[in-house]
Amino acid sequence: MNIVSIKYGSESIRSEIRNAVVDFSEMTAGIVAIESDVIRNGKPLVGYGFTSNGRYAATGIVKDRLVPRLMKAPEESLLSPDGNNFDPFKAWEIMMRNEKPGGHGERSVAVGSIDMALWDLVAKIEDLPLYQVLANRYRGGQVSRRVYVYAAGGYYYPGKDLESLKDEIKGYLDSGYETVKIKIGGATLEEDRKRIEAVVELTGDPGRLAVDANGRFTVLEAIRWGKALAPYGLKWYEEPIDPVDYAGHAEIAQMYDGPLATGENLFSTIDTRNLIRHGGLRADRDYLQMDPALSYGLVEYTRTLEMLSEHGWSRQRCIPHGGHQFALHIAAGLGIGGNESYPGVFGAFGGFGDDVQPESGYIEMPDAPGIGIETKSNLFEILQKL
Ligand SMILES: [Mg+2]
């Protein structure tokens, strides 16, 4: 059993949306296809991966370091002990050979995209959906077939007024989402309050609206906004400040009683451990959003879940960023709290399989082998170019 080739590339996901910190006029995603010599129905099995969204393709690292290391590795060094499948943990060690600790970011994104493709391949070789493979390995076969999802949108957009925001949110609610999220911090507090109130009018319950500042505020600003947000009783207040200002998070958690959420820009187990150690977050209410695709893949994510459990955190507090099928499978297979969804943004890289629609805020997991990228026709078309 061998890897025949690893193809990679970069795909534009540019759009006119913006959050409080970045616009998406230059945004790209890295894409990966790993072809094996395992033949099924007359065709070689291929695993597909990509870099989630929001951090740009890291094609140089994939090309110069990760692919050469994997392609040079002796065949058996990538296989499980029985030789019947690839072993993503071994591949991870090979990819990270000669890499110093620390400095996570672009490298974790590059490794994450290959890790996703490897897990897709592993599950296809077992002819099972990835969630079932994970449940069999880690949870005695127990699958959470219904996964909680929420619709992330409410971006700032040229010419977008309150009416168009309401139309967007209404679309999410009509298509089966119960919880929605909008951006804040890209307008004045007064304007954002109007946006929040307009959305709460639609959801009826402020507990069905989360807000996301994308790390824009200073600690003082975050506290000022937090005081204005607290009376609403929102689902959560996301990334108020820079993701690695741990002591700053602790200050905000002191004054903001409602749930906080963060973690989408932490890219390693050790960074998350620092957040848990020093960030003052509360295991009974706050949410952790580390994105497995951006943070060294599922191999590293299993270590993060282990670390969280050692610190007394339930994995139910984890609802990853990214809105991709990979995290959906991880949620179903490993029993984490749910997954983000982008029904309206990021083109082919947003949303799940073509036939997958939420009902009352939950997705019923499909049965396709692997991650099911083949069942998402627009994304599959892009990956097939490789
Ligand atoms: Mg966010």
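Cut-offs applied
- Residues numbered from 1 in each chain as written.
- Predicted model: local features only at pLDDT ≥ 70, side-chain atom pairs only at ≥ 80, totals over all residues.
- Helix = DSSP H or I, 4+ residues; strand = E, 2+ residues; numbered from the N terminus.
- Rg over C-alpha atoms; globule rule 2.2 N^0.38 Å.
- Buried ≥ 20, exposed ≤ 12 C-beta atoms within 10 Å, placed from the backbone.
- Contact = placed C-beta atoms within 7 Å.
- Domains from an automatic or database assignment.
- Axes fitted to C-alpha atoms, helices over the stretch in contact; angles between N-to-C directions.
- Parallel < 35°, antiparallel > 145°, perpendicular 65-115°, else oblique.
- Nonpolar A, V, L, I, M, F, W, Y, C, P; charged D, E, K, R; others polar.
- Pairing = 2+ DSSP bridges.
- Arc of directions from axis to C-beta.
- Left-handed = near helix turned anticlockwise from the far one by under 90°.

S.K.: Teacher, can you tell me more about the overall build of the protein chain here?
M.R.: Summing up its helical and strand segments, the protein chain has twelve helices and eleven strands in all. Here the protein chain has a C-alpha radius of gyration of 20 Å; the compact-globule value for 386 residues is 21 Å, and the two agree. In terms of overall dimensions, the protein chain has C-alpha extents of about 60 × 40 × 40 Å along its principal axes. The buried share among the 386 residues of the protein chain stands at 51%. Within the protein chain, residue pairs in contact and separated by at least 24 positions form 72% of the contacts whose partners lie at least 6 positions apart.

S.K.: Looking at this structure, I do not really get the domain arrangement of the protein chain. What am I missing?
M.R.: Buried accessible area, meaning the area lost when the parts come together, often serves as the stated size of an interface. The domain boundaries assigned to the protein chain delineate domain 1 (3-128) and domain 2 (138-377). Relative placement of domain 1 and domain 2: their C-alpha centres are 24 Å apart. Listed by partner, the interface residues are 33 residues for domain 1 and 35 residues for domain 2. Elements with a minimum of two residues in the side of domain 1 that touches domain 2: strand E3 (43-50), helix H2 (88-95) and helix H3 (106-126).

S.K.: Help me out: how do you make sense of the packing of H3 against helix H10 (residues 297-310) in this one?
M.R.: The relative placement of two packed helices is expressed as an angle between their axes plus a distance between the axes. Between H3 and H10, the least distance of the axes is 6 Å, while the angle of their chain directions is 95°. Relative to H10, H3 is oriented roughly perpendicular. The residues of H10 that touch H3, namely those facing Val111, Gly112, Asp115, Met116 and Trp119, are Gly297, Leu298 and Val299. Tallied by class, residues from the contact of H3 with H10 come to five nonpolar, two polar and one charged.

S.K.: Is there a simple way to explain the sheet that holds strand E1 (residues 3-12) in this structure?
M.R.: Pairing between sheet strands relies on hydrogen bonds along the backbone, with the strands arranged either parallel or antiparallel. Across the sheet, three strands lie side by side as E1-E2-E3; this open sheet has antiparallel pairing. Every interior strand has two partners, whereas the edge strands, E1 and E3, have only one. Across the sheet, the mean angle separating the axes of adjacent strands is 20° when strand polarity is ignored. Where strand E2 (residues 28-40) meets E3, seven bridges bridge the pair, whose relative direction is antiparallel. When the sheet's bridge partners are listed, Glu35 is paired in E3 with Val46.

S.K.: When you look at the pairing of E2 in this model, what are you seeing that I'm missing?
M.R.: Side-chain direction in a regular strand flips from residue to residue, so the side chains alternate between the two faces of the sheet. With nine bridges connecting them, E1 and E2 associate as antiparallel partners. Opposite Lys7, over in E2, you have Ala33 as the bridge partner. Where E2 folds back onto E3 in an antiparallel hairpin, the turn is made up of two residues, including Asn41, whose phi is positive at roughly 50°.

S.K.: How should I be thinking about helix H9 (residues 269-278) in this particular structure?
M.R.: Three or more residues of H9 are buried, namely Thr269, Asp271, Thr272, Leu275 and Ile276. Axial view of H9: buried residues confined to an arc of 165°, hence all on one face. Residues of H9 that are buried in the fold lie against helix H8 (246-255) and H10.

S.K.: Is there a simple way to explain the packing of helix H5 (residues 162-174) against helix H6 (residues 189-203) in this structure?
M.R.: Running from N to C, H5 and H6 cross one another at 35°; their axes reach a closest spacing of 10 Å. As for how H5 packs across H6, the hand of that crossing is right-handed. Across the interface between the two elements, Leu162, Leu165, Lys166, Ile169, Lys170 and Leu173 from H5 touch Lys194, Arg195, Ala198, Val199, Leu202 and Thr203 from H6. Residues of the contact of H5 with H6, tallied by class, amount to seven nonpolar, one polar and four charged.

S.K.: What is the right way to look at the environment of Leu189 in this model?
M.R.: Along the chain, the position of Leu189 falls in helix H6. Not counting chain neighbours up to four residues away, the residues in contact with Leu189 comprise Trp225 and Ala228.

S.K.: Honestly, unusual backbone geometry in this entry has me stumped. Any pointers?
M.R.: Glycine aside, negative phi is the norm for most residues, and most peptide bonds take the trans geometry. Of note in this structure, Tyr56 is not a glycine but carries a positive phi near 70°. When you line up the elements, Tyr56 lands in the loop between E3 and helix H1 (59-72). Here Glu239, not a glycine, exhibits a phi torsion of approximately 40°, which is positive. By the C-beta count within 10 Å, which is 27 here, Glu239 ends up buried.

S.K.: Explain helix H4 (residues 130-138) here, please?
M.R.: Since the α-helix advances by 3.6 residues per turn, residues separated by three or four positions end up pointing in the same direction. Considered for burial, the residues of H4 that qualify are Leu130, Tyr131, Gln132, Val133, Leu134 and Ala135. The inward-facing, buried residues of H4 contact H3 and helix H11 (325-334). In the stretch just after H4, Gly140 is the one whose phi turns positive, near 55°.

S.K.: I would appreciate a short explanation of the environment of Leu220 in the present structure.
M.R.: Residue position: Leu220 is located in helix H7 (residues 219-229). Take Leu220: there are 11 C-beta atoms within 10 Å of it, and that puts it in the exposed class. Expressed as a C-alpha distance, the spacing of Leu220 and Ala117, which sit 103 residues apart in the sequence, is 42 Å.

S.K.: Got a minute to help me understand the environment of Arg107 in this structure?
M.R.: Within the fold, Arg107 resides in helix H3. Given 21 C-beta atoms within a 10 Å radius, Arg107 is considered buried. For the pair Arg107 and Val62, spaced 45 residues apart in the sequence, the C-alpha separation amounts to 8.4 Å. When neighbours within four sequence positions are excluded, Arg107 is seen to be in contact with Ile61 and Glu99.

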